[in-house]
Amino acid sequence: EADIYQTPRYLVIGTGKKITLECSQTMGHDKMYWYQQDPGMELHLIHYSYGVNSTEKGDLSSESTVSRIRTEHFPLTLESARPSHTSQYLCASSWASDGYTFGSGTRLTVV
Amino acid sequence: GENVEQHPSTLSVQEGDSAVIKCTYSDSASNYFPWYKQELGKRPQLIIDIRSNVGEKKDQRIAVTLNKTAKHFSLHITETQPEDSAVYFCAASGGSNYKLTFGKGTLLTVNP
């Protein structure tokens, strides 16, 4: 089924560790996005990409980085996790000017 | 850049009543206005959207209206049911800016 997939669903990791959150979509969408969201709260855009080899920082300052080497894949990397990074991370994709499809999210806890 | 204001932040209604959530936007170039519903622990899901060449759109119990002159748009839910309880987000985008700017969300509670 065409959808957007995020792994892992839940992650508990120690301070200082490097982590990569995976996001893949099978809908052929050209645009992809990463949002940070505390439960039931605002959606904060941290990174976006309008196509392969194109990435931009979003509105919320973030210590994470992203890459877009393939159309369907948009991983997010934290080089050194900190407790302040504890949050839910939502990946989304869209085609042209259409609405987003969101993934199910990764709930990250840094201890 | 675009700024989207959403009101109210919380809304409690009795089952069967109507609910209205309002949003304003700042960028007159914006031309696409979707609404998302996020149930507890779930991902946001697109429930209805409207483009600037249309003033109103309806889908069963939900409808969205757009006033381009006043730069505001609203979500209307009629005959509310407990399963309508969720956080609702409005958003706007347009011109060469494909990314959506979201409102801060409205927690809707429908009491049985």
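Data block above holds the structure.
Summary of the structure given here. (Residues numbered from 1 in each chain as written. Chains lettered and ligands numbered in written order. Predicted model: local features only at pLDDT ≥ 70, side-chain atom pairs only at ≥ 80, totals over all residues. Heavy atoms only, no water.)

### Here's the deal with the layout of surface pockets
- A volume near 440 Å³ is recorded for the largest pocket.
- Looking at the lining of the largest pocket, the elements with two or more residues in it are strand 5 (44-51) of chain A together with strand 1 (4-7) and strand 10 (97-102) of chain B.
- Here the residues of the lining of the largest pocket sort into 8 nonpolar, 9 polar and 6 charged. (1 Å grid on protein atoms, 1.4 Å probe; cavity = no way out; pocket = protein on both sides within 12 Å on 5 of 7 lines; lining within 4 Å. Points joined across faces, edges and corners; volume = space filled by probe spheres on them. Helix = DSSP H or I, 4+ residues; strand = E, 2+ residues; numbered from the N terminus. Nonpolar A, V, L, I, M, F, W, Y, C, P; charged D, E, K, R; others polar.)

### Concerning the interface of chain A and chain B
- Across the boundary between the two partners, chain A contributes 26 residues, which contact 16 residues of chain B.
- Both faces considered, chain A and chain B share a buried interface measuring about 1,700 Å² in area, 53% of it formed by carbon and sulfur atoms.
- For the pair chain A and chain B, the interface holds 3 salt bridges.
- For the salt bridge of R43 of chain B with D3 of chain A, the shortest nitrogen-to-oxygen distance reads 3.1 Å.
- For the side of chain A that touches chain B, the elements supplying multiple residues, two or more each, are strand 4 (31-37), strand 5, strand 9 (87-94) and strand 10 (101-102) of chain A.
- Looking at which element gives the most residues to the side of chain A that touches chain B, the answer is strand 4 of chain A, with 4 residues.
- Along the lines of polarity and charge, the residues of the side of chain A that touches chain B split into 12 nonpolar, 8 polar and 6 charged. (Contact = heavy atoms within 4.5 Å. Buried area = accessible area lost by both parts, 1.4 Å probe. Salt bridge = Lys/Arg side-chain N within 4 Å of Asp/Glu carboxyl O.)

### Remarks on the environment of I4 of chain A
- In this fold, I4 of chain A is placed in strand 1 (residues 4-7).
- The sequence separation of I4 of chain A and S24 of chain A amounts to 20 residues, and the corresponding C-alpha distance is 5.7 Å.
- With sequence-adjacent residues up to four places away left out, I4 of chain A is seen in contact with C23, S24, Q25, M27, M32, C91, A92, S93, T101, F102 and G103 of chain A together with R43 of chain B.

### Quick word on the pairing of strand 9 (residues 86-94) of chain B
Residue and element names in this part refer to chain B.
- Buried residues dominate strand 9, accounting for 9 of its 9 residues.
- In strand 9, alternate side chains face the same way, and those of A86, Y88, C90, A92 and G94 on one face and V87, F89, A91 and S93 on the other are all buried.
- As judged from the 6 bridges shared by strand 4 (residues 30-38) and strand 9, these two strands associate in the antiparallel manner. Note on strand 9: the bridge partner recorded for Y32 is S93.
- Summarising the sheet, strand 9 and strand 11 (residues 106-111) pair through 3 bridges and their orientation is antiparallel. Bridge pairing in strand 11 places A86 opposite L108.
- Pairing of strand 9 with strand 10, which is carried by 3 bridges, proceeds in the antiparallel orientation. Across the sheet, residue G94 finds its bridge partner in strand 10, namely N97. (Buried < 20%, exposed > 50% of the residue type's maximum accessible area, 1.4 Å probe, protein only. Pairing = 2+ DSSP bridges.)

### Here we look at the state of the cysteines
All names here are of chain A.
- Summed over all chains, the structure comprises 2 disulfides over all chains.
- Residue pairing for C23: its cysteine sulfur links by disulfide to C91, the two sulfurs lying 1.9 Å apart. With the S-S bond torsion at -80°, the cross-link from C23 to C91 turns out left-handed. Within this pair, whereas C23 is found in strand 3 (residues 19-25), its partner C91 is found in strand 9, the two being separated by 68 residues in sequence.
- Classification of C91 as buried rests on a relative accessible area of 0%. (Disulfide = S-S within 2.5 Å.)

### Digging into the sheet that holds strand 3 of chain A
All names here are of chain A.
- Within the open sheet, the 4 strands sit side by side as 1-3-8-7. Their pairing is antiparallel. On the outer flanks of this sheet lie strand 1 and strand 7 (64-66), each paired with one strand and no other. For this sheet the average axis-to-axis angle between neighbouring strands, irrespective of direction, equals 15°. (Axes fitted to C-alpha atoms, helices over the stretch in contact; angles between N-to-C directions.)

### Observations concerning the nonpolar core
- Counting residues in hydrophobic clusters, the biggest one holds 23 residues, and the most contacted among them are W35, F73 and L108 of chain B.
- Contributing elements (two or more residues each) for this core: strand 2 (10-14), strand 3 (19-25), strand 4, strand 5 (45-51), strand 7 (62-67), strand 8 (72-77), strand 9 and strand 11 of chain B.
- Apart from residues no more than four positions distant in its own chain, L108 of chain B is found in contact with L11, V13, A19, I77, D84, S85, A86 and Y88 of chain B.
- Counting 18 residues, the second-largest nonpolar core is a separate cluster that includes I19, M32, L78 and L108 of chain A. (Core = buried A, V, L, I, M, F, W, Y, C linked by side-chain atoms within 4.5 Å.)

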